[in-house]
Amino acid sequence: MKRKDKNLEKNISRLVKLTGDSNEPSEAFSKSLINDALSELAKSGKGRQRERRHKFTKIRWPRILAYAASILIVCGIVIALTMPPQKLGELGRSAEKMALKQGVYREEIAGKPVAVLEPPKPPVSRLEKAKVAKFTYGSKLVAGSRITNAMAAEAPSTPSKSRFSGEKARRLGSCGKPEPGPGGYPMAHGGTTPPNGEAFDGVFFKNYGVNPFVDTEDDHLSTFATDVDTGSYTIVRRFLHDGHLPPEKAVRVEEFVNYFKYDYPTPQEDVFRVYAEAAPWKFGTGRKNSYLLRLGLKAMQISEENRKPAVLTFVIDVSGSMNRENRLGLVKKALRMLVEKLREDDRIGIAVYGSRGRKVMGHRRLDEKDEILATIESLHAGGSTYAEEGIRIGYEMAESAYRKGYINRVILCSDGVANVGRTGADAILEVISKKAEKGVTLSAIGFGMGNYNDVLMERLGDKGNGHYTYIDTIVEAKRIFEDNLTGTLQVVARDVKVQVDFNPAVVRSYRLIGYENRDVPDEKFRDDKYDGGEVGAGHSVTALYELKLWPGKAGTAATTYVRYKDADTRAVTEFKSSIATDGFMPLAEKEIDTGFESASSFDFRLATVAAEFAEVLRKSYWAKGAKLSDTLRRAQTLLHERPGDADIIEFVDLISKASQLMKKTDVELSRTEDNANER
Amino acid sequence: MADKLEQQSWAEIARGDADIWREFISREIPQLYGMFMRRWPNPSLAEELVQKTVFDAVRGCGSYDPSRGSPDEWIFGIARNNIRLEMRRRASRPSVDGDISRYLEAIDSEPLPDEVLEQKETAVVVRRALSRLESKEQVVLKTKYVEGLSARDIAQRIGITEKAVHSLLYRARISLRRQLKRMAPLDKQGQKL
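So, a few notes on the structure that sits alongside this text. (Residues numbered from 1 in each chain as written. Chains lettered and ligands numbered in written order. Predicted model: local features only at pLDDT ≥ 70, side-chain atom pairs only at ≥ 80, totals over all residues.)

**Considering the overall build of chain B**
The helix and strand tally for chain B stands at 10 helices and 0 strands. The helix and strand sequence of chain B, counted from the amino end, reads α-α-α-α-α-α-α-α-α-α. The buried share of chain B, reckoned over its 193 residues, is 46%. Of the contacts made within chain B by residues no fewer than 6 positions apart, 58% connect residues no fewer than 24 positions apart. (Helix = DSSP H or I, 4+ residues; strand = E, 2+ residues; numbered from the N terminus. Buried ≥ 20, exposed ≤ 12 C-beta atoms within 10 Å, placed from the backbone. Contact = placed C-beta atoms within 7 Å.)

**Topic: the overall build of chain A**
Each helix and strand counted, chain A has 19 helices and 16 strands in total. Per-residue burial over chain A gives 42% buried out of 679 residues. Sequence-distant contacts, at least 24 apart, represent 80% of the contacts inside chain A between residues at least 6 apart.

**What to know about the environment of Arg178 of chain B**
In this fold, Arg178 of chain B is placed in helix H10 (residues 162-183). It is 8.9 Å that separates the C-alpha atoms of Arg178 of chain B and Ala129 of chain B, two residues lying 49 residues apart in sequence.

**With respect to the pairing of strand E7 (residues 357-365) of chain A**
Residue and element names in this part refer to chain A. Looking at chain direction, strand E6 (residues 347-353) and E7 are connected through 6 bridges and run antiparallel. Within E7, the residue paired with Ile350 across the bridge is Met361. In this structure, the hairpin formed by E6 and E7 is closed by a connection of 3 residues. (Pairing = 2+ DSSP bridges.)

**Considering the nonpolar core**
Counting residues in each nonpolar core, the largest one holds 132 residues, and the members touching the most others are Phe256, Phe314, Leu412, Leu544, Ala610 and Ala611 of chain A. Counting residues per element, this core draws most heavily on helix H17 (residues 602-617) of chain A, which supplies 10 residues. Not counting residues within four places of it along the chain, the set of residues in contact with Ala611 of chain A comprises Val253, Phe256, Val257, Ile513 and Leu544 of chain A. Core analysis: the second largest hydrophobic core is formed by 31 residues, Leu49, Trp74, Phe76 and Ile78 of chain B among them. (Core = buried A, V, L, I, M, F, W, Y, C linked by C-beta atoms within 7 Å.)

**A look at the sheet that holds strand E12 (residues 507-513) of chain A**
Residues and elements named next belong to chain A. Strand order in the open sheet made by the 5 strands is E1-E12-E14-E4-E3, with antiparallel pairing throughout. One side of each edge strand has no neighbouring strand; the edge strands of this open sheet are strand E1 (214-215) and strand E3 (272-280). Judged from the 9 bridges that link them, strand E4 (residues 290-299) and strand E14 (residues 540-549) form a sheet pairing that is antiparallel. The residue bridging Lys298 from the neighbouring strand is Ser540, located in E14. On top of the sheet, H17 reaches E3, E4, E12 and E14; it is set at about 80° to E14, its chief contact. (Axes fitted to C-alpha atoms, helices over the stretch in contact; angles between N-to-C directions.)

**Focus on the sheet that holds strand E8 (residues 407-414) of chain A**
Residue and element names in this part refer to chain A. The mixed open sheet is built from 6 strands, whose spatial order is E7-E6-E5-E8-E9-E10. Edge strands, defined here as strands with exactly one partner in the open sheet, are E7 and strand E10 (465-470). Between one strand axis and the next, the sheet turns through 15° on average, direction left out of account. Helix H11 (residues 387-400) contacts strand E5 (310-317), E6, E7 and E8 of the sheet and is inclined by roughly 160° relative to E6.

**Details of the packing of H17 of chain A against helix H18 (residues 628-641) of chain A**
Residue and element names in this part refer to chain A. As a packed pair, H17 and H18 sit with axes 10 Å apart at the nearest point and diverge in direction by 150°. The orientation of H17 with respect to H18, classified from their angle, is roughly antiparallel. The handedness of the crossing between H17 and H18 comes out as left-handed. Side by side, H17 and H18 meet where Phe602, Arg605, Leu606, Val609, Glu612, Phe613 and Val616 of the first sit next to Leu628, Thr631, Arg634, Ala635, Leu638 and Glu641 of the second. (Parallel < 35°, antiparallel > 145°, perpendicular 65-115°, else oblique. Left-handed = near helix turned anticlockwise from the far one by under 90°.)

What follows is the structure in structure tokens.
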């Protein structure tokens, strides 16, 4: 309640201020700032004096100082005797200055504990400025790699302190400046710093770091859980269409790569098949002898008639925010589309939550289609967000309607769960993963953007053994509910984990591109309690590895192990396939580009361009020097080969949008620097 | 300009002399304010950046070195640094799309993004909403937030008690919120805690 008032007061204050015409600060503001500043000055001045007295009384160094002074004087005389008279004058002046500055110097030292903040820079030359900028960039990288290491040591889904601090470290790194701590700047009248010092992003993303290169001799195993989500790509698309570069942490490379359809032959007898392909490649500049390995995992197809009947329970967020941008309208459209596509033996139930959660419609068979459509139409938004209750009611409904041999799924449609109730996110996540074991799974579908909570939605889908998608347009809804309904609903394998065992005799080091938040500790690969990814019928999973090979070595480069549980029987299967490297040829740096184009398939190139785009957008260290103009050129080549492919047309458009936005940001930054220098 | 700030007193800046500092910052505040407003036309943000810059300067006054330039150049260096930090902060953050109504709709639950305040239409909407309030409410909001007077000063100026000013302000804020919501075209119940 209190917080609400504060928000209102602050916002009103900021809004009303806009109506003032003058381009000058208000008198009251100047006055109070001057007073505040002077009292701060007095405070730090006292600190300085105390410090100075301290120095003088405690340390009896005058004698040492006297010695030093006399040595200086002697040196001075010697120099004076050996120097031409003109320079001597200059020296005399600077010595005078030095003497004057002695007091100043002492203050500088004493003042330090008070001046916690970055010491203000006196005017510096351009050259020095460049150095400063470089330095901050460097420290950012250090911070970034630290997160990755911390991440690697942790289980992927538990939130932990170190991850938080890692994120903080990164933020500090990227700013190059510590944020004002407690007791920092006093609030301006209606200032923009919120009380807790956090930047008030309305949208929540999490940074999972970037996988580094790993020496095969140190660790020859790379293990990860599969991910068929595509949410990150659609979210980034939304950002770019709105004319903004996405935040780095909204970019998950694997979801970019997996957004596109690849032409892997569908396995006829087995649940999965693994496909591998490799070619010389490098991201960015400054690397030689590097290769790209594409691993494709393709799940068996199930025809629409053979799909198991489904019991679907929709839990729909109808809180006030769902009114924005007509989010609820999009949800309704998507649901209508789904209802048209479902079969008569499927069932649908609907629960909603706003200020309270409630059951809107018990489960009905799809032969009562009209009633279902009417219920969907009647939904309207308003109130706050009591997601916890909504989800609980949804699960109760799903459990009482549970049918063996059916697909039992709760589908959450929300713009992110800002207020999950009293017990918090962890309690909900625990309930969800327990129910998932009993056979009721959860899919999270995201809508809207203004206050979108990507982190929670992704974790809900992950824990619920379902999946997570973000729907930004009706076209995306069609992709998920119409074109790929069977894959969306029917899972063919659970807890799918992939382990790649690299041969240290052939592969010097490797880097898994993406899958940072799907990391599985190597020793947990055969632990069947450890959560993996779920793969739907006909879905494919593509992973890219960057490799550095020992020169001149051929043979088995890697062996891939895939382990999964059957969706129905829970029987565990594991199979392996090896990847040989006879075809690899060491290439000079400038040959890599053309070598790649000729040595790889269309799909491989598409996956690579998608990964490169994501790497540049998330400013990956390993892609430094990569230019979006090259990415764009490669994507255009792909389009040229497959004119009319809607996904690729859009992809090219997105890359060119991003590249323009990046240019714009660069120009703006350098313009400010120039302005700064002119002054 | 000000005689006190001739070169010989530059050293006093570094030493933290209160009189010189008063002179110095009262001259710099409007300049800095103008500089920030030119970059981002948002008075609240400009105020905050001015404040941050002045405090950075005060706390780092010991590191000012008169031999390397005037205090004006020095404090403008700090200001430019703050502009850069602000730009970086913005770059890592999604900004608003054209529709401001959905932000105004939720003004009692979420802090407004700076970008909303920098759009021309926002000021237009607020002016229109303000003009629909009772005149007393208008006056109190403007004197408080545009002129930046304290409740006590407002009480003196319009001849009511300080307590009355507070409750008037409270009511005025609520009415303004109501007006703003009424002017937002969408349904107005949106509140996300």
